[in-house]
Amino acid sequence: MSLEIQFRNLVDTTSSTLAEYDIEKLDFYRQYEHYGIAYDDSLKGEIVELHLQRVVQESLCGGCDSDFKVSHLRKLREYFILSYIVDKKTLQPYLAILEKILFFITNGSIYSLDHENQWRTAIQAVKDIRTLAGPIAEPSMEDFQERYKRQFAVGQAAKNLKKKGYELSIEDGKVIMKSSEKERLIKQLEDDIKFLGGINVVSNLFAWIENEYSFNHKQERYHLVRTFDSNEPNVPVSYLLNLAVKNPLKSSIYISGSPEDAWKRLIETSTEFAAIFDVQPYEQLQIFFQTIDTLVNFLQDITVYDSIFTLTQLRPSDVLRILLGLFGWIDRGLFRTKTGLDLDQIFEVIETIIQSANHDRTPTYYDFQSLASKMPNISHESLRKILDILSHEKSANHNLKFPNDISSVDFQFKPLLKTSNDEYVMLNPSWCSPAFYQAIISFLKQNEYIISYIKQQFDNKSLDQKVGDEIEKFIKEEFQKKGISCKFGKYKINGIQGECDLVVETKDTIIFIEVKKKELTPQAKGGNQVDIFLDITRSLIKAQTQLAGHEELIRKSGCLPLKTGSRIDLDGRDVAKIAITLLDFGGLNDRNIVFLLDLMIRNQIHITDLPSQTKADKILKEINDLLKKLNNLNCTTSNSSPFSNSWFLSVPQLLVLLDNVNSNDSLKTELWKTRSLSASTLDFYREYSFARDLLG
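What counts and how
Residues numbered from 1 in each chain as written. Predicted model: local features only at pLDDT ≥ 70, side-chain atom pairs only at ≥ 80, totals over all residues. Heavy atoms only, no water. Helix = DSSP H or I, 4+ residues; strand = E, 2+ residues; numbered from the N terminus. Buried < 20%, exposed > 50% of the residue type's maximum accessible area, 1.4 Å probe, protein only. Contact = heavy atoms within 4.5 Å. Pairing = 2+ DSSP bridges. Axes fitted to C-alpha atoms, helices over the stretch in contact; angles between N-to-C directions.

J.: Whenever I open this one, unusual backbone geometry confuses me. Can you help?
T.: Leaving glycine aside, a negative phi is the common case for residues, and trans is the common case for peptide bonds. With an omega of 10 degrees, the peptide bond between Q92 and P93 qualifies as cis. At L682, a residue that is not glycine, the phi angle is positive and equals roughly 55 degrees. Along the chain, L682 falls in the loop between helix 30 (664-672) and helix 31 (684-695).

Structure follows, in structure tokens:
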């Protein structure tokens, strides 16, 4: 028997203990007497409700250690609301009773519905509360929609898809479509894109983004972020762009209606389809308030939302300086010998492509002869080889179907499309710029001679390890350009050894910085819970654990003597801790996520969506062991909120921050602008822009 039917049957067959009373004559004295409540000098209605609340809690939680969680009741609530909207199933009094129970019990284990006696006692108590409250008016549809914004939006999208002829069902609190129905819907989306032409769709989408959201010229990026001023589902921009790249050119396909009809249908159907994945937040409070029971799904929603709705971007003007910073160490002669190409010429081609991009950010077409004429020092043969490294052949994302299938998105690895033998196109500079790095690193990884050279010359290191070392050097160089002095190096104090990647001292704060090469993997971006936590653990959590170790030692000893000969003295100053990765982690970079470390370190992480139990158990042990260590370290510090001065940034985010920095103290000033203010967008770039608009 399903959870829904069990709950409905229990509610239908359980009566209030007050059924035989005349409620109008049931004064507080008789209520106290009925429930056996002892009273002193006064009689209060809230005492009665508090008593009934305890009845609910004790009947469902008392001594319970089961696998049935409050999260199961939340899923049941989702089911009731969605099935009411989509299938017009009876909603009350089931939802009202369930909501009251969820109000009294917010998390943890409870008895399953198989324990009928406990559940009847709890339902009786809730029915008594409702009876004592008197007649309850049913909420209007407007009130219902306002209270359940997220469920209403998802349910309405599902209802609209059903009207369009797509079969779906409500199961376990989710809207479910069979794979065959999803593929039928996706075929319609792709047919519309083919009819319109994928490159035209890309142009239209970016024009729409710029109009509906904004383009920040200094950051050279679109602020396509989470907003909360509408109850409507968002357009799945990233998904549509990736489908458009799969079908870039117009096809001679028959579609009923005009191009305007096709565009409207494309946006409407894709928006409804993305909405039923139910990862969009509709209220700011959803960002701020999480429990250990909701944390895993919350982080999963963030990564999947980013993948479907937002853009991975990089400031085009930062591309070349990042590439030079990360790969400048490569021996040019060896590179030329082993690849047949000149590394500096590759950088020159990249610079020319970026500088030649259309200023209005529309797709830029590059004719081979035109490019060759701009770089006469590069042979035609070399230029074609370099362009092949940077280009997809005609299209990309060939295996992409579903919105969260990020492992099938390969467009992110090369910035250009080769539309013909002599023509290339960059669809949008901000969106395509991250792929320049990916194209170069992929090319290097495929060359066994380069990999062998790195191992021989750099202590048997892998390419990723060598790039990780170069990230630190790159940051040091960027700091130096901005007048920021920093310390770094190994230390040994009281028998404890450690190493500081970077330390920036200001007059009132010591800023410890830990650098990690770890990237957010496609599996994590697609919502795999194990991979999400693995990626967070090997970046944010591991870095903050190391940083907390530095803080613990300097607070205990008052200084850290570095083996370089310099030392860091606490001198009564505050401590800040920054974890930096090479690439963006999207919404996971937000300060609100860093604050959740406080929740994580005080609880055990549990993941139920497990593709491989053995792998998951091993990873969970690694995660929980590291969190335990982090908790022990933070317990020794004097700060009651151990992550109030902690950040999780990427190199591109740091470069944007450095735009307004010219000294150690100004680095702290800019960093602190993002410390307390939040617009709940989970987007560092928008948050920083928002803070600067308010604070200057």
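J.: How do you make sense of helix 5 (residues 94-104) when you look at a structure like this?
T.: Along helix 5, 8 of the 11 residues are buried, which leaves the element largely enclosed by surrounding structure. Buried residues along helix 5 sit against helix 1 (3-12), helix 3 (45-61), helix 4 (70-87), helix 6 (116-133) and helix 7 (141-147).

J.: What's the story with the pairing of strand 11 (residues 509-516) in this structure? I'm lost.
T.: Taken across its 8 residues, strand 11 has 8 buried, putting it largely inside the fold. By the alternation rule, side chains of strand 11 split into T509, I511, I513 and V515 and I510, F512, E514 and K516, which are all buried. Bridge count for strand 10 (residues 496-505) against strand 11 is 4 bridges, and the pairing is antiparallel. Bridging from a neighbouring strand, E505 pairs with I510 of strand 11. Two successive antiparallel strands, strand 10 and strand 11, enclose a turn made up of 3 residues.

J.: Explanation requested: the side chain of T271 in the structure shown.
T.: As for its placement among the helices and strands, T271 is situated in helix 12 (residues 259-275). Taking relative accessible area as the criterion, T271 reaches 11% and is therefore assigned buried.

J.: Explain the sheet that holds strand 14 (residues 574-581) to me, please; I cannot follow it from the model alone.
T.: Neighbouring strands of a sheet are bound in pairs by backbone hydrogen bonds; such pairs are parallel or else antiparallel. What the 5 strands build is an open sheet, ordered 9-10-11-14-15; its pairing is mixed. The strands lining the two open edges of the sheet, one partner per strand, are strand 9 (487-493) and strand 15 (646-650). Averaged over neighbouring strand pairs, the angle between their axes works out to 35 degrees when direction is ignored. As judged from the 8 bridges shared by strand 11 and strand 14, these two strands associate in the parallel manner. In the strand pairing of strand 14, T509 is matched with D574. Along the sheet, helix 29 (residues 651-658) contacts strand 14 and strand 15; its crossing angle with strand 15, the most-contacted strand, is approximately 105 degrees.

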